[in-house]
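# Topology and contacts: notes
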Amino acid sequence: MHKFWAAVFGVIIVLCIALFVVAAFVPGWWLPKQVSTFGDAADRLFYMILWITTFFFVLTEALLVYNIWKFGDAKPGYKAPYVHGNHKLEVIWTIVPAGILVLISVLQIGTWEEIKYTKNFPRPDISVNQIVVVARQWEWRIRYPGPEEQKRWERDPKGPENWRKLAEFPFEDFGQYDDVHDVNAVHAWMMDERGAGRVLIHLKTRDVLHSFFLPHLRLKQDAVPGKVIPVWFAVNDWNTAYDEKSKTWVDGFNHNTGQFGDRNFIWDLACAEFCGSRHSMMKGRLYIHKDRADFNKWLDFQQKAQNARMPAAAE
Amino acid sequence: MTCASGSRKECATWLSAVVLLAACSAGCGDPDGYSPELRYPVRTDPIIVKPPTTETAVPDRPGVLPIMNMLALNAPNHPLHSMLKDGPPLDPSVLAPNDRAVLQTTMDELFGTPLVPRTAGPDAEFNLRLREELDQTDAKLATGSLLYRQHCLHCHGLAGDGRGPTAFWINPHPRDYRPGLYKFISISDPQGREMRASKEDLARTVRRGLDGTAMPAFSTLSDEELSAITAYVIHLSIRGEVELNSMKNFLTFPAGQRTWDNDKEMIQSWLPTSGDNWFSSQQGAVVTPKPYPKAYESEEGFAQSVKDGWDIFKTPGDKQGGDCLKCHTDYGRKAQFRYDAWGTMVRPADLTLGVYRGGRRPIDLYWRIHNGIAGSGMVRSPHFQPTTKDEIASGKDRLWSLVNFLQVLPYPAMREKYGIKID
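Please read all numbers here as calculations on a predicted model, not as lab measurements.

When its secondary structure is counted, chain B shows 14 helices and 2 strands. If one aligns the C-alpha atoms of chain B with their principal axes, the spans along those axes are about 100 × 65 × 50 Å. Sorting the 423 residues of chain B into buried and exposed places 51% on the buried side. Look at the contacts in chain B between residues 6 or more apart in sequence, and 65% of them connect residues 24 or more apart. Just so you have it, chain B exposes about 20000 Å², and 58% of that area is on carbon and sulfur atoms. Here chain B carries 48 positive and 50 negative side-chain charges, and the mean point of each set is 5 Å from the other.

Written as structure tokens, this is what we have:
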């Protein structure tokens, strides 16, 4: 009978490993496409931890299966010997995992530093795309400096810094006269060779804890009430273009094939901190434009829609 | 490995594992829908006749409004307690059992159930109009009902009564569709009759959300999904209005004094009343603003129009002004809470915040001033548009001036630039 259970555990462990192997080849089962500058480093850490845990998981499961198989069928009346323990063995299995944990914590420092240390954040200047993201139950309200404001920055190098200061006012989300507003859609452009196009987000929340999560960028940051938390990223790829049919910018654009509707090019924005009953539907999209010119075209388009003085049908 | 060969214990383990798996897969296979037995409930909450006119500096306590039954009003500290003396609400719970039964069956015939909703009366031609002009097809309503269950029900309630489980804890309270009043609409009746809403208005509200309220934006839904939700909201609204009017009839005319012979026909007759208003509220009724004055395009012209708008905002009504400060006290910063047509508490907007529920586009602000905001006490003011020959010749437009002023008002830098002092 115990041989049966050993076989069951053995089969399950083999199936688990097989599932991992299969998942790597089935679209949508493994990690989504990675498009940010620091995402590869985050992925490397993930794989490293995955391999370490896989190794020890397989090791312990194999020992378990072996022992059930070997010692399971005891003769009737057989008394199990009492084993007090093994000091040396315990020291080893405490020190080795501790050493591995210390190793992981040392190896992740560089990646964490790149993504989260404020000294690595882009200094607000004209090449940086500043965005205010305000989370609330259950949507993302988004605000950009308007086209006129950005034109003023060309003459006034302190402009971007001043905009940041106003954006970081924590209590009310005031904004400025010519800001461009949107909801559930973050627009940015692909970083160019000179490094222009890094995105600096000022993250706030109006009610409870939320978490700003861009899975395709391997980026996650909690939004905490009363705080303005900076978040930065830069993207290596693009996914949106003007669609003549729908008369607006549409994501899911695969620039290799020139086709819309490619699942690999739809990049989600999700909330990753349980925030209420509709938490799972607090979703947005990330739109990355080909270059700054295309982004500016969208910004003008969005501002024009925001300044509409006539109903759409009468225009 | 059968129960015969193994011990009893092992058999129990295997059985429980099988049962667990079966239960799990049965749970997973359950379609996300209503039970066929579920019917729309007949209204039980009081019908507000005359909301109190008192104003207070603080909103209602969480969990108190909107009211569910007359009993709640008996508590002396209930915010609507004073209604019992002046303008008591009609109480649906005193409806005679046979009246309630005929109402339930007739309403079920007209509007179906949450699983199979329909909007159809005895008149085939009218039903065709409902399908063509208001998308009240069975397929669309069924889709809309499912989406409504998923996205809207927990605030707006099963019957669209604005009394879902979360409704009591959010302020402003979610909309009750049954009176057929909608706040943020693009349409207006020249005679000043209350309009419903155009399909586009409802879809815009769902798509963009209402900033500053608990209504989020559902911008990731597709256009088809939005139009299904819109159709279903219209269905609930027409249903609620038919029920409301029939119930008012039953409650105001006791048996024996009724002005109608057949209860069923009386209920059915309210369908065209509500439907017609929805028909006339569609696309053709959208208010197109007067053209934006050329003079306002220049910097000086704009500055002048902002000043003009400020004057209209401050000037009392008897001096041809807007008298806006009367309700938007201190530009809304000290506005008091008051009761709206639904018996919930609202406050005139704080216009210095730059948060606009009905949208921040100039056209949205124009519609708010021109059309008013139904049920809230914000009156319609189409008279600010230039109408007389002199006004048109002057090249000025008082309504556009107000809009320009409102757009400048929230921003300290802009107020300084245009010489507006509000402190």
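Attention now moves to the sheet that holds strand β3 (residues 180-183) of chain A. All names here are of chain A. The sheet built from 5 strands is open, its strands ordered β3-β2-β1-β5-β8 with mixed pairing. Looking at the sheet topology across the chains shown, the edges are occupied by β3 and β8 (229-233). Direction aside, neighbouring strands of the sheet carry axes that sit 25 degrees apart on average. Examined bridge by bridge, strand β2 (residues 139-144) and β3 share 4 bridges and lie antiparallel to one another. For R141, the partnering residue across the bridge sits in β3 and is V183. Across the sheet, helix α7 (residues 292-306) touches β1 (129-136), β2 and β3, and the angle it forms with β3 is around 90 degrees.

Let us look at the interface of chain A and chain B. Residue-level contacts link 31 residues of chain A with 39 residues of chain B. Of the roughly 2800 Å² buried between chain A and chain B on both sides combined, carbon and sulfur atoms contribute 59%. Its largest share of buried area at the contact with chain B, chain A owes to Y177, R278 and R309 of chain A, together 25% of the area lost on that side. Residue R208 of chain B is joined to D182 of chain A by a salt bridge in which the shortest nitrogen-to-oxygen separation is 3.8 Å. Where chain A meets chain B, there are 12 residue pairs in polar contact (both at pLDDT 80 or more). In the side of chain A that touches chain B, the residues fall into 13 nonpolar, 10 polar and 8 charged.

Overall, the coordinates contain 32 aromatic pairs over all chains when judged by the stated rule. Taken together, the ring pairs in this structure connect F20, W30, F46 and Y47 of chain A into an aromatic cluster. The ring of W342 of chain B is capped by R175 of chain B, whose NZ or CZ atom sits 3.7 Å from the centre of that ring.

Of the residues in chain B, 92% reach a pLDDT of 70 or more, and the chain-wide mean stands at 89. Below a pLDDT of 50 lies the segment residues 1-6 of chain B, which in the model reaches 4 contacts outside its immediate sequence neighbourhood of four places, other chains included.

Further remarks concern empty space enclosed by the protein. Residue and element names in this part refer to chain B. Tallying each qualifying case throughout the model produces 2 cavities of 30 Å³ or more. As a volume, the largest cavity reaches approximately 610 Å³. What lines the largest cavity is a set of 33 residues, among which H156, R175, T205, L210 and M215 lie closest to the centre. When residues of the lining of the largest cavity are traced back to their parent elements, those giving at least two are α5 (138-151), α6 (153-156), α7 (199-208) and α8 (223-252). Residues of the lining of the largest cavity, tallied by class, amount to 22 nonpolar, 6 polar and 5 charged. In this structure, the second largest cavity encloses a volume near 50 Å³.

Here we come to the domain arrangement of chain B. When the parts come together, some accessible area is lost, and that loss is often what is quoted as the size of the interface. All names here are of chain B. Each domain of chain B was delimited in the assignment, giving domain 1 (1-30), domain 2 (90-285) and domain 3 (294-417). For domain 2 versus domain 3, the separation of C-alpha centres amounts to 31 Å. Taken residue by residue, the interface counts 24 residues in domain 2 and 21 residues in domain 3. Across the domain 2 to domain 3 interface the summed buried area is about 1800 Å²; carbon plus sulfur atoms make up 56%. Considering only the surface of domain 2 that becomes buried against domain 3, K183, F184 and D211 emerge as the three largest contributors, covering 30% of it. The tally of links from domain 2 across to domain 3 stands at 0 salt bridges. At the boundary of domain 2 and domain 3, one finds 6 residue pairs in polar contact (both at pLDDT 80 or more). Residue composition of the side of domain 2 that touches domain 3, by class: 9 nonpolar, 8 polar and 7 charged.

Residue and element names in this part refer to chain A. Judged by side-chain polarity, I17, F20, V21, F25, F57 and V58 come together as a nonpolar surface patch covering roughly 580 Å² of accessible area. Only α1 (2-23) and α2 (39-71) provide two or more residues apiece to the nonpolar patch. The element best represented in the nonpolar patch is α1, accounting for 3 residues. Along the chain, F20 turns up in helix α1.

Residues and elements named next belong to chain B. Buried within helix α4 (residues 124-134) we find F126, N127, L130 and L134. In an axial view of α4, the angular spread of the buried residues amounts to 105 degrees, which keeps them on one side of the axis. Pointing more than 90 degrees away from the buried face of α4 are the exposed residues A124, E125 and E132. Each element contacted by the buried residues of α4 is listed here: α7, α8 and α9 (263-280). One side-chain oxygen at the N-terminal end of α4 lies 3.1 Å from the backbone nitrogen of E125; it belongs to D123.

The next point concerns the packing of helix α11 (residues 362-371) of chain B against helix α13 (residues 398-408) of chain B. Residues and elements named next belong to chain B. Two elements in contact, α11 and α13, have axes whose closest approach is 9 Å; the angle formed by their N-to-C orientations is 120 degrees. Relative to α13, α11 is oriented oblique. The crossing of α11 and α13 is right-handed. Here α11 contributes P362, L365, Y366, I369 and H370 to the contact with α13, which in turn contributes L399, W400, L402, V403, L406 and Q407. Residue classes in the contact of α11 with α13 are distributed as 9 nonpolar, 2 polar and no charged.

Residue and element names in this part refer to chain A. It is the contact of α1 with α2, at a shortest axis distance of 8 Å, that shows an interaxial angle of 165 degrees. The orientation of α1 with respect to α2, classified from their angle, is roughly antiparallel. Between α1 and α2 the crossing geometry is left-handed. Residue-level inspection shows H2, K3, A6, F9, G10, I13, I17 and F20 of α1 in contact with α2, the latter providing L50, F57, V58, E61, V65, I68 and W69. Broken down by class, the residue content of the contact of α1 with α2 amounts to 11 nonpolar, 2 polar and 2 charged.

Criteria and thresholds
- Residues numbered from 1 in each chain as written.
- Chains lettered and ligands numbered in written order.
- Predicted model: local features only at pLDDT ≥ 70, side-chain atom pairs only at ≥ 80, totals over all residues.
- Heavy atoms only, no water.
- Helix = DSSP H or I, 4+ residues; strand = E, 2+ residues; numbered from the N terminus.
- Buried < 20%, exposed > 50% of the residue type's maximum accessible area, 1.4 Å probe, protein only.
- Contact = heavy atoms within 4.5 Å.
- Areas by Shrake-Rupley, 256 points an atom, 1.4 Å probe, with all protein chains shown as cover.
- Lys, Arg positive; Asp, Glu negative; His and termini not counted.
- Charge placed at Lys NZ, Arg CZ, Asp CG, Glu CD.
- Pairing = 2+ DSSP bridges.
- Axes fitted to C-alpha atoms, helices over the stretch in contact; angles between N-to-C directions.
- Buried area = accessible area lost by both parts, 1.4 Å probe.
- Salt bridge = Lys/Arg side-chain N within 4 Å of Asp/Glu carboxyl O.
- Polar contact = N/O pair within 3.5 Å; in protein donor to acceptor, adjacent residues only side chain to side chain.
- Nonpolar A, V, L, I, M, F, W, Y, C, P; charged D, E, K, R; others polar.
- Phe/Tyr/Trp six-rings, centres within 6.5 Å; stacked < 30°, edge-to-face > 60°.
- Lys NZ or Arg CZ within 6 Å of the ring centre and 35° of its normal.
- pLDDT = per-residue confidence, 0-100.
- 1 Å grid on protein atoms, 1.4 Å probe; cavity = no way out; pocket = protein on both sides within 12 Å on 5 of 7 lines; lining within 4 Å.
- Points joined across faces, edges and corners; volume = space filled by probe spheres on them.
- Domains from an automatic or database assignment.
- Patch = residues over 30% accessible without salt bridge, like charges linked within 9 Å, V, L, I, M, F, W, Y side chains within 5 Å.
- Arc of directions from axis to C-beta.
- Parallel < 35°, antiparallel > 145°, perpendicular 65-115°, else oblique.
- Left-handed = near helix turned anticlockwise from the far one by under 90°.

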